Amino acid sequence: MSELLQIGAQRPKAPEPDSLELRFSPTAVEELEALKTHYPDLKSCVLPTLWIAQREYGGHLSPEAIAEVAHRLSRSYAEVEGVATFYSMYNTAHKPGRHLIEVCTCLSCHMCGAYRIVDHLEEKLGIKLGETTPDGVFSIHEVECLDACDRAPVLQVGDQYVGPVTPETVDELLERLRSNPDSTVVQLADAVVKVHLRDGKA
Amino acid sequence: MPETKLLFEHAHDPQFRTLDGYLAKGGYQGLKKALGMDRQAVIDQVKASGLRGRGGAGFPTWIKWNGIEKEKKNPHYLICNADEGEPGTFKDKQLMEQTPFLLIEGMTIAGYATQADAGYIYIRGEFVDAARSLRQAIDQAYVQGYLGKNILGSGYDLDLYIHMGAGSYECGEESALMSSLMGERGMPRLKFPHAPLPTVAGLWDKPTVINNVETYACAPFILDRGGEWYATLGASTKNSRGTKLFSVSGHVNKPGNYEIEFGTTLVELLDMAGGIKGGKLKACIPGGSSVPIMTAEQVEKAVIGYEELWDDYKTMVGSGGCMFFNEHTCIVSLIWRTAQFYAMESCGKCTPCREGTKWMLQILDRIVRGHGQKGDMDLLLDVTKQIDGRSFCGLGDAAAWPVAGAIRAFPEEFEHFIEHGRSMVQSEEAKAMAPRWAQPAFSH
């Protein structure tokens, strides 16, 4: 089978409409109502609502999460899934670990040693780029330019940029993150939702 | 010329991020003057200033503002393109974090001139700190009557909204940005002359002005001190006026943003950034990864200006993402990584870009793996010609230029890599930069 067909085969299935369970918290519903006043149509709320869903569903846009967004905005599942899978910051493919470490290896970072940081992370965590540690704590991804080239090589974890990093500072970062029980992936989604809203609240 | 600080004069003052601190430093004088003027007079000031778009294309700003219908029949919109994604660029991030009110005031001026009802600031999803700073500033502006209904008693109303992206370089392209804002995949739309300009039918098919963060941030100065005053900055160049923020990174001692007047030389910019680190200067990408690379020899004489860089070196000011590289940099490896960026970020809408970027990456990949074949350089150039000018939007062109430019500027490096299966640059430093699988190409 060609690689493309395999990717198609692995795509998660849409939940049956009857089995839809709405999981947005009252706060999330309030936030969504505030967002709706920002645009002349509902469709424009898709991106910010996907951010809300990513937070509400623990950092992962599962088929159920996408179905809820589609339901709340009166769009089709296929349309919302199509939008969600286009953007790299929506975690649609699989559930990331509690902490997602994104390593920039683009031009300036490449030339300032980002690949040694990749090696170090892979070795230290025993996983490859794109994978999650078995205990579900860490995921590492390679990302394109984070636009913080003055801090090359730079990483993003949650809503924070960290850089310039060395293998030593990466070790410290890993220790700090390991002892942080809160998901920085969820934190990032929450921060993104908040900046949309006046006074940081709905 | 030394650094000329206009936008960044108070950037490091934390008070400048608050409305009171901004007002204390003369903030909102530009808007006050604008609100007392006829709308056309505001646009005329911007015309006199010679301001050109700071996002990369350098399009005259006043033409966009002037293109909005004067007899208002529809809602009008304003968009700020803060989806800074060009590798090497990080100026808009600092502008939003440290001088948010310059952007807000600039957008309010543009909104007044074009009778906009609402403005959307489209910020890339990663820039949470920038968005937070802007959020705070917008909230303060609302409380004190600088946004919302009847701004400063003028009868003009404007609402500003923040809209976060979610990870897509393509959304920096204006029509793709509008698709994304309207809740779609970030893919570009047909452009003029095949479709109306955004100023006629943009966001939700209504007249829309879309400018870069830095462009808006220039407006308060133009309105406060006059377009003619602004045009005296950079007067030594052919047609570039004002100051420009350059994000300097790569092998320099003091990477960061530097604000320079047009007409400054690249060597002066390099000096501001503390000079080259870890060896001699080898190459420079002056305006973000999309623009063709320059050799050290070219850098020696280059003057920064839109026409100056294009006419003499066929490269561009672009977004101002200036990267300097030292002698241990393997150009082939650098261009391989650039090609990977565009292959990853191509939105997939049109064939030349979707396929072309992947083919360029595959060819460069085999060269870097030591399996380059005779004729690969011609093949690469051929692919760049199939993309350049044939893709649906500028991303394809932007992917083709750096590859073609590097082959033009450093042909011997490509020839050597293909012929010997190893990089021309053989040093421990070069090896230390390479991905693990490519390291054999850098060992003796």
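Please read these numbers as outputs of a predicted model, since none were measured by experiment.

1. Digging into the packing of aromatic side chains
Link 1 in the chain: If you walk through the whole model with that rule in mind, you get 23 aromatic pairs over all chains.
Link 2 in the chain: Taking the centre distance of 5.9 Å and the plane angle of 75° together, the rings of Tyr169 of chain B and Tyr342 of chain B count as edge-to-face. Of this pair, Tyr169 of chain B sits in the loop between strand S3 (159-164) and helix H8 (174-181) while Tyr342 of chain B sits in helix H14 (residues 331-345); the two residues are 173 residues apart in sequence, bridging distant segments of the chain.
Link 3 in the chain: Using a relative accessible area of 1% as the deciding quantity, one classes Tyr342 of chain B as buried.
Link 4 in the chain: Three or more aromatic residues link up through ring pairs in this structure, and these residues are Tyr39 of chain A together with Tyr77, Tyr120, Tyr161 and Trp204 of chain B.
Link 5 in the chain: Residue placement shows Arg39 of chain B over the ring face of Tyr112 of chain B; its charged tip is 4.6 Å from the ring centre.
Link 6 in the chain: Between Arg124 of chain B and the ring centre of Phe127 of chain B, over which it is positioned, the NZ or CZ distance is 5.4 Å.

2. Observations regarding the domain arrangement of chain A
Link 1 in the chain: Annotation of chain A at the domain level lists domain 1 (6-93 + 187-201) and domain 2 (99-182).
Link 2 in the chain: Relative placement of domain 1 of chain A and domain 2 of chain A: their C-alpha centres are 26 Å apart.

3. Notes on the packing of helix H15 (residues 351-368) of chain B against helix H16 (residues 376-387) of chain B
The packing of two helices is summarised by the inter-axis angle and the distance between the axes.
All names here are of chain B.
Link 1 in the chain: Packing of H15 against H16 leaves a shortest axis separation of 9 Å and a crossing angle of 165°. Between H15 and H16, the interaxial angle falls into the category roughly antiparallel. Relative to H16, H15 is oriented so that their crossing is left-handed. Of H16, the residues touching H15 (which contributes Pro352, Cys353, Gly356, Thr357, Met360, Ile363, Leu364, Arg366 and Ile367) are Asp376, Leu379, Leu380, Val383, Thr384, Gln386 and Ile387.

4. Comments concerning the sheet that holds strand S1 (residues 77-82) of chain B
All names here are of chain B.
Link 1 in the chain: In space, the 4 strands of this open sheet follow the order S3-S2-S1-S4, with parallel pairing throughout. Unpaired on one side and paired on the other, S3 and strand S4 (208-212) mark the two borders of the sheet. Going from strand to strand, the sheet's axes swing by 20° on average, the running direction of each strand aside.
Link 2 in the chain: In the sheet, S1 pairs with strand S2 (residues 118-123) via 6 bridges, with the strands oriented parallel. Bridge assignment links Asn81 to a residue of S2, and that residue is Tyr122.
Link 3 in the chain: This element, helix H7 (residues 128-143), spans S2 and S3 of the sheet and lies at about 165° to S3.

5. Quick notes on the pattern of salt bridges
Link 1 in the chain: Under the defined criterion, the tally for this structure stands at 37 salt bridges over all chains.
Link 2 in the chain: Two residues, Arg354 of chain B and Glu355 of chain B, come together in a salt bridge whose shortest N-O distance is 3.0 Å.
Link 3 in the chain: Residue Glu355 of chain B is classed as partly exposed on the basis of its relative accessible area, which comes to 36%.
Link 4 in the chain: Beyond isolated ion pairs, a larger network of salt bridges with shared partners links Glu31, Arg55, Glu56, Asp190 and Lys194 of chain A.

6. Details of the interface of chain B and chain A
Link 1 in the chain: Listed per partner, the contact involves 67 residues of chain B and 52 residues of chain A.
Link 2 in the chain: Of the roughly 4,800 Å² buried at the junction of chain B and chain A (both faces included), carbon and sulfur atoms supply 55%.
Link 3 in the chain: Linking chain B with chain A are 6 salt bridges.
Link 4 in the chain: Note that Arg337 of chain B is salt-bridged to Glu144 of chain A, the shortest N-O span being 3.1 Å.

7. Topic: the state of the cysteines
A disulfide bridge is the covalent bond that connects two cysteines by way of their sulfur atoms.
Residues and elements named next belong to chain A.
Link 1 in the chain: All told, the structure shown has 0 disulfides over all chains when counted by the stated rule.
Link 2 in the chain: A disulfide-free cysteine, Cys145 has its sulfur positioned 3.9 Å from the sulfur of Cys149, the nearest such atom.
Link 3 in the chain: Assessed through its relative accessible area of 4%, Cys145 is described here as buried.

8. Some points on the environment of Ile162 of chain B
Link 1 in the chain: With respect to the element layout, Ile162 of chain B can be found in strand S3.
Link 2 in the chain: The buried category is assigned to Ile162 of chain B, whose relative accessible area is 0%.
Link 3 in the chain: Put simply, Ile162 of chain B and Asp38 of chain B are 124 residues apart on the chain and 28 Å apart in space, counted from C-alpha to C-alpha.
Link 4 in the chain: When neighbours within four sequence positions are excluded, Ile162 of chain B is seen to be in contact with Tyr39, Val195 and His196 of chain A together with Ile121, Ile123, Ala131, Leu134, Arg135 and Ile138 of chain B.

9. Description of a nonpolar patch on the surface
Link 1 in the chain: Side chains of Phe192, Leu197 and Val200 of chain B sit close together on the surface and give an oily, nonpolar patch of about 290 Å² of accessible area.
Link 2 in the chain: Looking at the element boundaries, Val200 of chain B is found in the loop between H8 and S4.

10. What about the sheet that holds strand S1 (residues 99-104) of chain A?
Residue and element names in this part refer to chain A.
Link 1 in the chain: Ordered in space as S2-S1-S3-S4, the 4 strands form an open sheet in which the pairing is mixed. On the outer flanks of this sheet lie strand S2 (138-143) and strand S4 (160-162), each paired with one strand and no other. This sheet shows a mean twist of 25° between the axes of neighbouring strands, independent of strand direction.
Link 2 in the chain: Where S1 lies against strand S3 (residues 155-157), 3 bridges are found, and the strand directions are antiparallel. Residue pairing in the sheet places Val103 in a bridge with Leu155 of S3.
Link 3 in the chain: Here helix H8 (residues 167-178) sits on the sheet and contacts S1, S2, S3 and S4; the angle it forms with S3, its principal contact strand, is near 5°.

Reading guide: rules and limits
- Position numbers for residues count from 1 along each chain, tracking the sequence in the order it is written.
- Written order decides the labels, with chains lettered from A and ligands numbered from 1.
- At least 70 in pLDDT is required for a residue's local features to be given in this predicted model, at least 80 for side-chain atom pairs to be given and counted, and no such filter applies to totals for whole chains, interfaces and linings, which use all residues.
- Side-chain figures throughout are based on the complete set of non-hydrogen atoms in the structure, without hydrogens or water.
- Centres within 6.5 Å make a pair out of two Phe, Tyr or Trp rings, where for Trp the six-membered ring is used; the pair is then stacked when the planes are under 30 degrees apart, edge-to-face when over 60, and tilted otherwise.
- Helix and strand definitions follow DSSP, with helices as H or I runs of at least four residues and strands as E runs of at least two, each counted in order from the N terminus.
- Exposure classes here rest on a 1.4 Å probe applied to the protein chains alone. A residue is buried below 20% of its type maximum, exposed above 50%, and partly exposed in between.
- We call a charge positioned above a ring when the Lys NZ or Arg CZ atom is no farther than 6 Å from the ring centre and deviates by at most 35 degrees from the ring normal.
- The split of the chain into domains comes from an automatic or database domain assignment.
- Between N-to-C directions, angles cover 0 to 180 degrees, with each direction set by a line fitted to C-alpha atoms, over the stretch in contact for helices.
- In what follows, roughly perpendicular refers to angles from 65 to 115 degrees, roughly parallel to angles under 35, roughly antiparallel to angles over 145, and oblique to any angle outside these ranges.
- Throughout, a crossing is termed right-handed when the near helix is turned clockwise from the far one, and left-handed when it is turned anticlockwise from it by less than a right angle.
- By the convention used here, residues are in contact when the closest approach between their heavy atoms is within 4.5 Å.
- Any two strands are treated as partners once DSSP identifies two or more bridges connecting them.
- By definition here, a salt bridge exists when the distance from a side-chain nitrogen of Lys or Arg to a carboxyl oxygen of Asp or Glu is within 4 Å.
- The quantity reported as buried area is the accessible area (1.4 Å probe) lost by two parts once they are put together, taken as the sum for both.
- Here, the term disulfide refers to a pair of cysteine sulfur atoms separated by no more than 2.5 Å.
- For patch building, the residue pool is restricted to those with more than 30% relative accessible area and no salt bridge; the joining distance is 9 Å between like charges and 5 Å between nonpolar side chains (Val, Leu, Ile, Met, Phe, Trp, Tyr).
- Throughout, the Shrake-Rupley method with a 1.4 Å probe supplies accessible areas, and for residues the shown protein chains are the sole cover considered.

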